[in-house]
Amino acid sequence: MNSIIHPISFRVIERKITLERSYWYFIKGKTFYNPLNLPDGDIEFMFGTTKKKVVVELFRINGGKVGYYLADLRQKKYYYCGQDWDSVRVQLRSLGIGRDDPME
């Protein structure tokens, strides 16, 4: 899995369901724009929300389907990306974030 670089206000979340449990995993990516020098850890509270509230919104948009989700904490917008890692990159590009890798 390659790293995905995104603004500090975005979170990538993976929904997994196993025989033992189901859970939401908040993936910590690298940030390329952090003008206030916010910490890279649990920053949901800085945008007026919590992880629990984010999970509720993610569940609402797709019923908790397995795969990757994208949360824009600043604008309170949530997106289902798909079941593979590259779908996150595609969703970010559709939002105008990122660029094609010139080395490929």
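Right, let's walk through the structure included here.

Turning next to the overall build of the protein chain. Along the backbone of the protein chain there are 2 helices and 6 strands. When its helices and strands are written in sequence order, the protein chain yields β-β-β-β-α-β-β-α. Relative to its full complement of 104 residues, the protein chain shows a buried share of 39%. Intrachain contacts of the protein chain at a sequence separation of at least 6 include 55% that bridge at least 24 residues. A total accessible area of about 6,800 Å² is found for the protein chain, and carbon and sulfur atoms account for 51% of it.

As a further point, take the packing of aromatic side chains. This structure, assessed with the given rule, holds 3 aromatic pairs. Here the aromatic rings of Tyr68 and Trp85 are separated by 5.2 Å at their centres, their planes lie at 70°, and the arrangement is edge-to-face. Taken together, the positions of Tyr68 in strand β5 (residues 67–72) and Trp85 in the loop between β6 (77–82) and α2 (86–94) put the pair 17 residues apart, joining distant regions of the chain. On the basis of relative accessibility, which here comes to 12%, the residue Trp85 falls in the buried class. Within the aromatic cluster, the residues linked to one another by ring pairs are Trp24, Tyr69 and Tyr80. The aromatic ring of Tyr23 is capped on one face by Arg21, whose charged end is 4.1 Å from the ring centroid.

Further remarks concern the nonpolar core. Formed by 13 residues in total, the largest nonpolar core has its most connected members in Ile13, Trp24, Phe26, Val54, Leu58, Ala71 and Leu73. Elements with a minimum of two residues in this core: β3 (22–27), α1 (51–62) and β5. The element best represented in this core is α1, accounting for 3 residues. Those residues in contact with Leu58 that sit more than four places away from it in its chain are Ile13, Trp24, Tyr69, Leu70 and Tyr78. Residues Ile4, Ile27, Tyr68 and Val88 belong to the second largest nonpolar core, which totals 12 residues.

On to the side chain of Thr49. Here Thr49 shows up in the loop between β4 (30–31) and α1. What Thr49 contacts, discounting residues up to four positions off in sequence, is Glu44, Val54, Leu73 and Lys76.

Another aspect to go through is the pattern of salt bridges. Under the defined criterion, the tally for this structure stands at 3 salt bridges. The salt bridge partner of Glu14 is Lys16, with a shortest N-O separation of 3.9 Å. Residue classification places Glu14 among the buried positions, given a relative accessible area of 12%. Taking the relative accessible area as the measure of exposure, Lys16 reaches 32% and is therefore partly exposed.

About the criteria used
- Residues numbered from 1 in each chain as written.
- Predicted model: local features only at pLDDT ≥ 70, side-chain atom pairs only at ≥ 80, totals over all residues.
- Heavy atoms only, no water.
- Helix = DSSP H or I, 4+ residues; strand = E, 2+ residues; numbered from the N terminus.
- Buried < 20%, exposed > 50% of the residue type's maximum accessible area, 1.4 Å probe, protein only.
- Contact = heavy atoms within 4.5 Å.
- Areas by Shrake-Rupley, 256 points an atom, 1.4 Å probe, with all protein chains shown as cover.
- Phe/Tyr/Trp six-rings, centres within 6.5 Å; stacked < 30°, edge-to-face > 60°.
- Lys NZ or Arg CZ within 6 Å of the ring centre and 35° of its normal.
- Core = buried A, V, L, I, M, F, W, Y, C linked by side-chain atoms within 4.5 Å.
- Salt bridge = Lys/Arg side-chain N within 4 Å of Asp/Glu carboxyl O.

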